[in-house]
Amino acid sequence: MEIAIVGAGIVGVATAYELACDGHQVTVYEQRSAAAEEASFASSGLLAPSLLIPWASPAIGMHASNLLWGRQPAFRMARGAGLGEYRWLRKWRKAGRAPSALATLQALEKLGQFSLERTLKLVELFQVDIEPSQGTLVLLRHKNDVKRTLPATEVMTEAGHALTEVDADGARLIEPGLSVDVPLTGALYASKGEAANCRLFAQVLRYAAQEHGVKFRFNAQVKGVTTQPTGLQIAGEPAPRRADAVVLCAGLASAALLRSHGVNLPMAPVYGYTISAPLREDTHAPQGTVIDPQHRITISRQGMRVRVSGGAELGYGGGEHHADTLQKLFLALSGWFPGGVQLSSSQVQILRGARPTLPDGAPVIGASGTPGIWLNAGHGASGWALACGSARALADRIAQAAPSVELDAFGVNRF
Ligand SMILES: Cc1cc2nc3c(=O)[nH]c(=O)nc-3n(C[C@H](O)[C@H](O)[C@H](O)COP(=O)(O)OP(=O)(O)OC[C@H]3O[C@@H](n4cnc5c(N)ncnc54)[C@H](O)[C@@H]3O)c2cc1C
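Residues numbered from 1 in each chain as written. Predicted model: local features only at pLDDT ≥ 70, side-chain atom pairs only at ≥ 80, totals over all residues.

## Regarding the domain arrangement of the chain
Okay, step 1: Each domain of the chain was delimited in the assignment, giving domain 1 (2-40 + 200-266 + 361-414) and domain 2 (62-98 + 132-194 + 267-357).
Okay, step 2: The centre of domain 1, based on its C-alpha atoms, is set 29 Å off from the matching centre of domain 2.
Okay, step 3: At the interface, 13 residues of domain 1 touch nine residues of domain 2.
Okay, step 4: Of the residues that constitute the side of domain 1 that touches domain 2, the class distribution is seven nonpolar, five polar and one charged. (Domains from an automatic or database assignment. Contact = placed C-beta atoms within 7 Å. Nonpolar A, V, L, I, M, F, W, Y, C, P; charged D, E, K, R; others polar.)

## Examining the environment of D167
Okay, step 1: Along the chain, D167 turns up in strand β6 (residues 164-167).
Okay, step 2: Residue classification places D167 among the partly exposed positions, given that 13 C-beta atoms sit within 10 Å.
Okay, step 3: Between the alpha carbons of D167 and Q294 there is a distance of 17 Å; along the sequence they are 127 residues apart. (Helix = DSSP H or I, 4+ residues; strand = E, 2+ residues; numbered from the N terminus. Buried ≥ 20, exposed ≤ 12 C-beta atoms within 10 Å, placed from the backbone.)

## Observations regarding the sheet that holds strand β11 (residues 241-242)
Okay, step 1: An order of β9-β10-β11 is seen for the three strands of this open sheet, with the pairing classed as antiparallel. The two strands at the open ends of the sheet, each matched to only one other strand, are β9 (222-226) and β11.
Okay, step 2: Pairing between strand β10 (residues 231-234) and β11: two bridges, direction antiparallel. Paired with L232 across the bridge in β11 is R241. (Pairing = 2+ DSSP bridges.)

## Quick notes on the nonpolar core
Okay, step 1: In this structure, V6, V13, A16, V246, L248 and L333 are the most contacted members of the largest nonpolar core, which totals 126 residues.
Okay, step 2: Broken down by element, this core gets its largest block of residues, ten residues, from helix α10 (residues 383-398).
Okay, step 3: Three or more residues apiece are contributed to this core by two domains, here domain 1 (2-40 + 200-266 + 361-414) and domain 2 (62-98 + 132-194 + 267-357).
Okay, step 4: Excluding residues that lie within four positions of it along the chain, L248 makes contacts with V6, S254, L257, L258, I373, L375 and A377. (Core = buried A, V, L, I, M, F, W, Y, C linked by C-beta atoms within 7 Å.)

This is the structure in structure tokens:
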């Protein structure tokens, strides 16, 4: 088939690669001038365990924190946020308490596992260095902090993940650079945790896809998707381009492109920040990934750099950076791992990115309900961790083969 893909983030590039491997003729349309320039640029890099990524699902940590009010609100409303954002937040809260929440977590766990296997297989196949690091440490500051990670940790343990509880000394043996001033009662440790550079892998995958015949059309903004015949309207072109099928991997824009076909996906941008700083002293820096579930902050090692991520904002707020959130992230970087990074370097990079999020935290993968149009979008806080598995599963669906992983929880009809 001739397949048009909208979006060259990590999800679009992975989808293009898998579809080309299945023998399809694939063209990717991307409005930016390169791959992975939007959300996929900002990822903090955590690949596994995917359920531990802060904001992976509304069912995780719901009891432990007040979402908008209280001393440490989990979400903040950016300037100009309105009723739409409050309504979406209500849906997020509701989804976290819904009877289906546990089944969604279990489905996300399976997709995460499958995706990790697929990602590692591709890394081995391409023989590339994508700045990997191993081990994920979840800091427990208070006795009841373990509740903040429930029920994700229960689902993971049931699924056979090795999650070890260690005391504060044990945590500092795993991460020797972790400051003694960080108050700790202990930590949860996933020795098989993985992190790597999402953007770098997207670029590798783009070239691998090109070798399989995929064409990339950059600076091509898709204005609309057509049916009868199936195709795309590109900005500035007189007529739609035809294709046998269209796959929307355009993150947030996927929902907008489907709206005119009567499909309403409640997808919202949940903005977060990533600060990357060059390494100063290896032994003072994180060796793997460290997560603070209380502040929902992640610090991960990526080659010669360290990345800290956090914050959850609803509303664009004119694209302005929130000074308090950034200060918290800088403090985490300098306070948790003193001397680990060069914060005064001109190479310190700050990014604000949007996690394209559906109320239950899970993506939509499969038929869109509009003939000829498929979806692989809305991966929220865990798009890097889920991209390669989602892409393979969607390619199986398009080939009418049994998908390599169960997709029932990711259908468009659940909304
Ligand atoms: C601060 C932060 C930290 C994160 N940390 C992690 C993490 O540790 N682990 C993890 O797994 N995930 C993480 N994520 C989430 C992850 O980055 C996203 O889920 C993932 O990048 C989404 O990929 P995507 O390809 O769907 O979207 P994107 O990367 O946004 O790609 C969509 C592409 O579509 C293009 N596009 C949009 N509209 C059009 C149009 N009309 N025409 C043509 N092209 C169009 C865009 O330009 C863009 O390139 C994080 C996100 C943020 C913001």
